[in-house]
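# Fold and contact review
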Amino acid sequence: MKNFGFKAIEPRTIDYSQFDDRLLAYLVREEPSFGICLSCGGCTATCSAGNLVDFNIRRLSLHIRSGEIENLAKEIDKCMLCGKCTLVCPRNINLRQVVMLIKKGIVALKENPEIKEL
Amino acid sequence: MAAKSVIVIGGGIAGMEVSNQLSSLGYEVRLIEKNDQVGGKLLNWDRLFPTFRNAGEVLQRLQQKMDQREVIVDTNAEVTDVVKEKETFFVTVNHSVKYHADALVVATGFELFNAQRKEEYGYGIYDNVITSADLEKLFKSGGKLTNPMGKVPQRIAIVHCVGSRDSKVGNHYCSKVCCVTGVKQAIELQEQIPGVVVYCFYMDLRMYGEGFEELYRRAQEQHNIQFIRGRVSEVSETLDHSIQLKAEDTLAGRPLKMCVDLLVLMVGMEPGKGSVSVKNMLKLGTMDSGFLEPADVHLSRNVSSSKGIFMAGTAISPMSVNDTLENARSAAFEVHHYFQDID
Amino acid sequence: MNIEGKKAIWNDYQKEIADDRYFYVRSCVRQNFFPGAETTFLRIMREVLGKTVFEHACHTTCTGIGYHSDIVPIETTMTVVARQFSVMNESGFTNLVPSCVTSFGLYTEVLDTWHHFPQVKENVRQHLFNATGRTFEEPSNVAHASDLIYKFRKEILAKAKYRLVDKETGEPLRIVEHIGCHYSKMFPDKGVGGAEFPRVLSGIAEEWGGEVIDYPERRHCCGFGFRQFLVQANRGYSLSASKKKFESMKPFEPDLIITNCPGCPMFLDRWQYTLSELEGKTYGKDGKGIPVFTFEELAGLVLGFDPWDMGLQMHQIDAEPVLNKIGIAYDPEMKYKGLNGKNLGKPEKAIVNG
């Protein structure tokens, strides 16, 4: 391979043709309220962890919805399970349960990366 | 003294309802409709939000009332000239027949935005791009739901705000009812096509009315409709004729690319063709949007800028079916007060 | 695909293109990368179509390349543009024909700015006079060289020796088009066919027998970008833009790419080589690259000009597969022999050429 001093950049578009929706399907099945989020940001605003470190539960939920789950394991550990997000949600989503399910789902995917359905 | 007479221009649901109400108040009403039947745009609509009731039922009921009250209906009739002498209007229809009336009600309705004007969406060029109106016709026909190329869609995208809130086409206003129509159609598509996933691409979700917010929640909760906040910027066709669209997921802050089997454009409302020609004939005022200008937007919305001429329905501004019918009833009362000299 | 829908849009975006007496201004780079391109254009216009195309020895770059690289301020660029107009005026011409698409975009942009801000135009008038003692009048018509070929495509077809058709099967060649960004994206009504469905190249290709393929990334920029390409560290960005286009074209198995900007064919041609060396990927048939042609070269080919006289040997991706498909007669021995049979040397083997 020649070295030209530059390389092609990977596109940063979310490509819906390569969509890993296993975690999303699992969450929606186990905690159906997860499906009615409208990204109002109330959860992130009140989040204990989010006010101190770069942890954005609204954005993480959104990433799961578009199949981006690479950094999820590291991020989700920042949640302190204080429950303030669940208190505030106008759609009554059980966010604490969602966080617990994400942790479970990630472990299951790591142990069995080729699994078709969680 | 002879009963006062009113000519209603436009036989859509506004025209039909205002005729019914005026008739029941004792006035002679003549409804003039340029197409070969009354009913306007609702003739091609399947089901109405927020309850999914059949549009035909509304039309049936309005027609029933017109029959009971013996409203005179002229179809295939287009108003070609109007002249006012003292307090009486002389209306010429099809350049030939002349009628007179003591008041006019303009109920000339709206026109759907021509989606071909948004070139980047490829309507009229790419086969699998249709409008919300095309979809309603498809629902009404009752046949199997396939995309124009005959495939049962697995993934459908709905684009909100086509032709509304858009400086490029000159329509700055919001057409009000397209957001809830998008949600309604998304639910209908999901109910009728097993396994399909529907994505709604919106800038804002305007769920203003009774039952609308609940419909949005139901769409997410029971029908797995995915809502992505971002405007679809360009659309192209792939090798297998599916539609590739580009939008930004603004809430995630990243651009996205998606291939869908069917693209549905939520076209907005524009001032009706009839409104434009009647406004010119009658020298009525219009707003910047092109819709007819009321004398007072809060206190006398059905009263035009010209004495004795009233307005009803979507000729005034985008409205839903129940708003239009309520507006039409209010127009009837404005005419009644005008005749009774009540302020 | 519904062609009627596209035709409706093309009808909306028709533009005025002058008939004759053109003042030609050259591209900074086209002749460096595609030596025969501009000469071919002039030959077609003068000898085949009998038009008057005049070039003045004193004309310069429009400085668009500098303007778009943040090196030349817009006031300077506008003054240089005014000088070009002045040179055109004194030669007795009013129809400007730039060879470069960026140039065309720049002239259009400058004229539009002066139209909306007459004070700026007066300032430029003053600058030009102070610097050179020249005065100027705006051109009455500005058209890109590809617009001219589009306008005279039927006349060229009448004199053509070849069509863009596979001589064995009679099937039209599968052609993908790439329009330079500055042609119509800024001012859609100044481009034939507008910005979304430009007609200038697809009209030419279809008239001469080809089949134009609409691929998803048709509108995407090739990545030239001046400031992106000129600095080596940024070049990956340019490369990725072209790569996106190639990935999109590949499933359609095109026979060739037609372009109208000087930078775009350079990129689309050379980057295929770079990608084949960096990533081992090719995008054409049989594991080779997709040959790239400019509109002048394609016009010259259908008219029967010798490919080597037009400089096709300088293309990174060999043009021979297309030449063979059309059935164009050429002498393979003469490929690397320049004027007077001088040996130009032979390039190394490349993956894109098999």
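It should be emphasised that the depicted structure is a prediction, and the values quoted were computed from it without experimental measurement.

Reading the values: the criteria
- Residues numbered from 1 in each chain as written.
- Chains lettered and ligands numbered in written order.
- Predicted model: local features only at pLDDT ≥ 70, side-chain atom pairs only at ≥ 80, totals over all residues.
- Helix = DSSP H or I, 4+ residues; strand = E, 2+ residues; numbered from the N terminus.
- Buried ≥ 20, exposed ≤ 12 C-beta atoms within 10 Å, placed from the backbone.
- Contact = placed C-beta atoms within 7 Å.
- Nonpolar A, V, L, I, M, F, W, Y, C, P; charged D, E, K, R; others polar.
- Pairing = 2+ DSSP bridges.
- Right-handed = clockwise from strand over helix to strand, strands pointing away.
- Axes fitted to C-alpha atoms, helices over the stretch in contact; angles between N-to-C directions.
- Left-handed = near helix turned anticlockwise from the far one by under 90°.
- Domains from an automatic or database assignment.
- Parallel < 35°, antiparallel > 145°, perpendicular 65-115°, else oblique.
- Core = buried A, V, L, I, M, F, W, Y, C linked by C-beta atoms within 7 Å.
- Arc of directions from axis to C-beta.

## Remarks on the overall build of chain A
Along its length, chain A carries six helices and one strand. In sequence order, chain A lays out its α and β elements as β-α-α-α-α-α-α. Principal-axis analysis of the C-alpha atoms gives chain A an extent of 55 × 35 × 25 Å. Counting the 118 residues in chain A, one finds 29% classified as buried. Long-range pairs, those at least 24 residues apart, make up 66% of the contacts in chain A with a sequence separation of at least 6.

## Points about the environment of C:Ser242
All names here are of chain C. Tracing the chain through its elements places Ser242 in helix 13 (residues 235-249). As for Ser242 and Leu275, which are separated by 33 residues in sequence, their C-alpha atoms are 9.7 Å apart. With near-sequence residues (within four places) excluded, Ser242 lies in contact with Cys222, Gly223, Phe267, Leu268 and Trp271.

## Here we look at the interface of chain C and chain A
Contacts between chain C and chain A engage 14 residues on the former and nine residues on the latter. Those elements giving two or more residues to the side of chain C that touches chain A turn out to be helix 13 and helix 14 (263-279) of chain C. Partitioning the side of chain C that touches chain A into residue classes produces five nonpolar, four polar and five charged.

## Topic: the pairing of strand 13 (residues 197-202) of chain B
Residue and element names in this part refer to chain B. Most of strand 13 is tucked away: six of the six residues are buried. The two faces of strand 13 match: Val197, Tyr199 and Phe201 on one face and Val198, Cys200 and Tyr202 on the other face are all buried. Examined bridge by bridge, strand 12 (residues 155-162) and strand 13 share five bridges and lie parallel to one another. Bridge pairing in strand 13 places Ala157 opposite Tyr199. In terms of handedness, the path from strand 12 via helix 4 (residues 178-192) over to strand 13 forms a crossover that is right-handed. For strand 13 and strand 14 (residues 226-229), the ladder comprises four bridges, and the chain directions are parallel. Considered in strand 14, the bridge of Tyr202 is made with Arg229. Each parallel crossover has a hand, and for strand 13 linked through helix 5 (residues 212-223) to strand 14 it is right-handed.

## Some points on the packing of helix 1 (residues 13-24) of chain B against helix 2 (residues 55-69) of chain B
Residues and elements named next belong to chain B. Interhelical geometry of helix 1 versus helix 2 gives an angle of 35° and a closest axis separation of 9 Å. Helix 2 is crossed by helix 1, and the crossing has left-handed handedness. Contacts between helix 1 and helix 2 involve Ile13, Met16, Glu17, Ser19, Asn20, Ser23 and Ser24 from the first element and Val58, Leu62, Lys65, Met66 and Arg69 from the second. Along the lines of polarity and charge, the residues of the contact of helix 1 with helix 2 split into five nonpolar, four polar and three charged.

## What about the domain arrangement of chain B?
Often, the extent of an interface is quoted as the loss of accessible area upon association of its parts. Residues and elements named next belong to chain B. Parsing chain B into structural domains produces domain 1 (5-109 + 272-340) and domain 2 (115-268). In this structure, domain 1 and domain 2 have C-alpha centres spaced 32 Å apart. Counting from both sides, the interface comprises nine residues of domain 1 and, opposite them, 17 residues of domain 2. The residue makeup of the side of domain 1 that touches domain 2, split by class, is five nonpolar, three polar and one charged.

## Let's talk about the interface of chain A and chain B
Contacts between the two partners involve 14 residues from chain A and, on the opposite side, 13 residues from chain B. Elements supplying a minimum of two residues to the side of chain A that touches chain B: strand 1 (14-15) and helix 3 (57-65) of chain A. It is helix 3 of chain A that contributes the most residues to the side of chain A that touches chain B, three residues altogether. Among the residues making up the side of chain A that touches chain B, the classes are represented as five nonpolar, six polar and three charged. Pairing analysis gives two bridges linking strand 1 of chain A to strand 17 (residues 254-260) of chain B, with the strands arranged parallel. Bridge pairing links A:Ile14 to B:Leu256 in strand 17 of chain B.

## Remarks on the sheet that holds strand 8 (residues 97-101) of chain B
Residues and elements named next belong to chain B. Taking strand neighbours across the sheet as the criterion, the three strands line up as 6-7-8 in an open arrangement whose pairing is antiparallel. Since the sheet does not close on itself, it has two edges, and those belong to strand 6 (79-85) and strand 8, each with one partner. Each strand of the sheet is rotated relative to its neighbour by a mean of 20°, with strand direction disregarded. Bridge count for strand 7 (residues 88-93) against strand 8 is five bridges, and the pairing is antiparallel. The residue of strand 8 that forms the bridge with Val91 is Tyr99.

## As for the packing of helix 1 (residues 22-30) of chain A against helix 6 (residues 95-111) of chain A
Residue and element names in this part refer to chain A. Viewed as axis vectors pointing N to C, helix 1 and helix 6 meet at an angle of 140°, and their least axial separation amounts to 10 Å. Between helix 1 and helix 6, the angle is such that the two are oblique. For the pair helix 1 and helix 6, the crossing hand works out as right-handed. For the pair helix 1 and helix 6, contact is made by Arg22, Leu23, Tyr26, Leu27 and Glu30 and by Val98, Leu101, Ile102, Gly105 and Leu109, respectively.

## What to know about the sheet that holds strand 13 of chain B
Residue and element names in this part refer to chain B. Judged by pairing direction, the sheet is parallel, and its five strands sit side by side in the order 11-18-12-13-14 without closing on themselves. Unpaired on one side and paired on the other, strand 11 (129-131) and strand 14 mark the two borders of the sheet. On average, adjacent strands in this sheet sit at an angle of 25° to one another, irrespective of strand direction. The sheet contact formed by strand 11 and strand 18 (residues 262-267) spans three bridges and is parallel.

## So, the environment of C:Pro347
With respect to the element layout, C:Pro347 can be found in the segment after helix 16 (320-326). A tally of 12 C-beta atoms within 10 Å means that C:Pro347 is categorised as exposed.

## Quick word on unusual backbone geometry
For the peptide bond that leads from B:Phe49 to B:Pro50, omega is -5°, which places it in the cis range. Not every positive phi belongs to a glycine, and B:Phe52 is a case in point at roughly 65°. Relative to the elements of secondary structure, B:Phe52 occurs in the loop between strand 3 (47-48) and strand 4 (53-54). For B:Phe52, a count of 13 C-beta atoms within 10 Å corresponds to the partly exposed category. The residue C:Phe226 is not glycine, and still its phi comes out positive at about 50°. Among the secondary structure elements, C:Phe226 is positioned in the loop between strand 6 (211-213) and helix 12 (227-230).

## A word on the environment of B:Ile158
Residue and element names in this part refer to chain B. Topologically, Ile158 is positioned in strand 12. Look at Ile158 and you get buried, because 28 C-beta atoms sit within 10 Å. Distance in space between the C-alpha atoms of Ile158 and Arg329 is 34 Å, their sequence separation being 171 residues. Ignoring sequence-local partners within four residues, the contact set of Ile158 consists of Gly182, Gln185, Ala186, Val198, Tyr199, Cys200, Phe201, Val264 and Met266.

## Side note on the nonpolar core
The biggest cluster of nonpolar side chains holds 94 residues, and the ones touching the most others in it are C:Val81 and C:Ile258. Two domains each provide a minimum of three residues to this core, namely domain 1 (18-145) and domain 2 (161-353) of chain C. Sequence-distant contacts of C:Val81, defined by excluding residues within four places in its chain, comprise C:Cys62, C:Leu106, C:Tyr107 and C:Val110. Formed by 53 residues, the second largest nonpolar core is a distinct cluster that contains B:Phe113, B:Cys178, B:Val196 and B:Val235.

## Some details on helix 6 (residues 273-282) of chain B
Residues and elements named next belong to chain B. Within the span of helix 6, buried status applies to Gly274, Ser275, Val278, Lys279 and Leu282. Viewed end-on, helix 6 has its buried residues packed into an arc of 125°, placing them on one side of the element. Once helix 6 finishes, Lys283 follows within two positions and takes phi at roughly 55°, a positive value.

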